[in-house]
Amino acid sequence: MAAALTSTASAGAAFAQAAAEKVTLSSLLAKDYAIAGAISTASNLPGLFLRKGSSLYLCFIAETKQSATVATQYCKPVE
């Protein structure tokens, strides 16, 4: 029982750390990911595929006329 609780606590801590380190377009480029392609969704939200070796991410970006920058909405690994 104690081992199961320790394992669950460790998994929760790892998830919290990963959530704190938000994956962005900039963070992936800083880790030597390269832009491998681009798409546009039906709602006109542009997306970029980034690849490094066998690892592939899809990131969506957005901007408004009032925004100072184009911001990463989210990035997710592609399996």
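Residue numbers here run from 1 along each chain, matching the order of that chain's written sequence. Totals for whole chains, interfaces and linings use all residues, but because this is a predicted model, local features are given only for residues with pLDDT of at least 70 and pairs of side-chain atoms are given and counted only at 80 or more. Remark: hydrogens and water are excluded; side-chain values derive from all non-hydrogen atoms of the structure.

Peer 1: Hey, could you go over the nonpolar core for me, with residue numbers and the actual values?
Peer 2: Buried Ala, Val, Leu, Ile, Met, Phe, Trp, Tyr and Cys residues form a nonpolar core when they are joined through side-chain atoms within 4.5 Å. When accessible area is computed with a 1.4 Å probe and restricted to protein chains, residues below 20% of their type maximum are described as buried, those above 50% as exposed, and intermediate ones as partly exposed. Core analysis: the largest hydrophobic core is formed by nine residues, namely Leu25, Leu28, Tyr33, Leu48, Leu50, Tyr57, Cys59, Ile61 and Cys75. Elements supplying a minimum of two residues to this core: helix H2 (25–30), strand S2 (46–52) and strand S3 (55–62). Comment: elements are numbered from the N terminus, with helices defined as DSSP H or I runs of at least four residues and strands as E runs of at least two. Per-element tally for this core: the top contributor is S3, with three residues. Contact between two residues is taken to exist if any of their heavy atoms lie within 4.5 Å; hydrogens are not considered. Beyond its immediate stretch of four places on either side in the chain, Cys75 contacts Val23, Thr24, Leu25, Leu28, Tyr57, Leu58 and Cys59.

Peer 1: Which residues make up the packing of aromatic side chains, and what are the values?
Peer 2: Each aromatic ring pair is summarised here by two numbers: the centre-to-centre distance and the angle between the ring planes. Only Phe, Tyr and Trp rings take part, Trp by its six-membered ring, and two of them pair if their centres are within 6.5 Å. Stacked means planes under 30 degrees apart, edge-to-face means over 60, and tilted covers everything else. Enumeration over the complete set of coordinates arrives at two aromatic pairs. Centre to centre, the rings of Tyr33 and Tyr57 are 5.7 Å apart; their planes meet at 85 degrees, and the pair counts as edge-to-face. Of this pair, Tyr33 sits in the loop between H2 and strand S1 (34–40) while Tyr57 sits in strand S3, and the two are 24 residues apart along the sequence. Considered together, Tyr33 and Tyr57 belong to a single accessibility category, that of buried residues.

Peer 1: Which residues make up the environment of Leu29, and what are the values?
Peer 2: The topology assignment puts Leu29 in helix H2. Owing to a relative accessible area of 39%, Leu29 belongs among the partly exposed residues under this scheme. Residues Leu29 and Leu50, spaced 21 residues apart in sequence, show a C-alpha to C-alpha distance of 8.2 Å. Apart from residues lying up to four places away in sequence, Leu29 is in contact with Ile35 and Leu50.

Peer 1: Just give me the short version of the sheet that holds S2, but keep the residues and values in it.
Peer 2: The antiparallel open sheet is built from four strands, whose spatial order is S1-S2-S3-S4. Only two strands of the sheet have a single neighbouring strand rather than two, namely S1 and strand S4 (71–77). Strand-to-strand twist across the sheet, computed as the mean angle between neighbouring axes with direction ignored, equals 25 degrees. A pair of strands is labelled paired if DSSP reports no fewer than 2 bridges between them. Here six bridges tie S3 to S4, and the two strands are oriented antiparallel to one another. If you follow Leu58 over to S4, its bridge partner there is Lys76. Inter-axis angles, ranging from 0 to 180 degrees, are taken between N-to-C directions of lines fitted to C-alpha atoms, where helices are fitted over the stretch in contact.

Peer 1: Break down the side chain of Thr72 for me, citing the residues and quoting the values.
Peer 2: Structurally, Thr72 is set in strand S4. By relative accessible area, which is 18% here, Thr72 ends up buried. Any pair of nitrogen or oxygen atoms within 3.5 Å is treated as a polar contact; in protein, a donor-acceptor pairing is required on top of that, and neighbouring residues in sequence qualify only through side-chain atoms on both sides. In terms of polar contacts, Thr72 uses its side chain to reach the backbone amide nitrogen of Leu25, at 3.2 Å. In this view, Thr72 contacts Lys22, Val23, Thr24, Leu25, Phe60 and Ile61; residues no more than four positions away in its chain are not counted.

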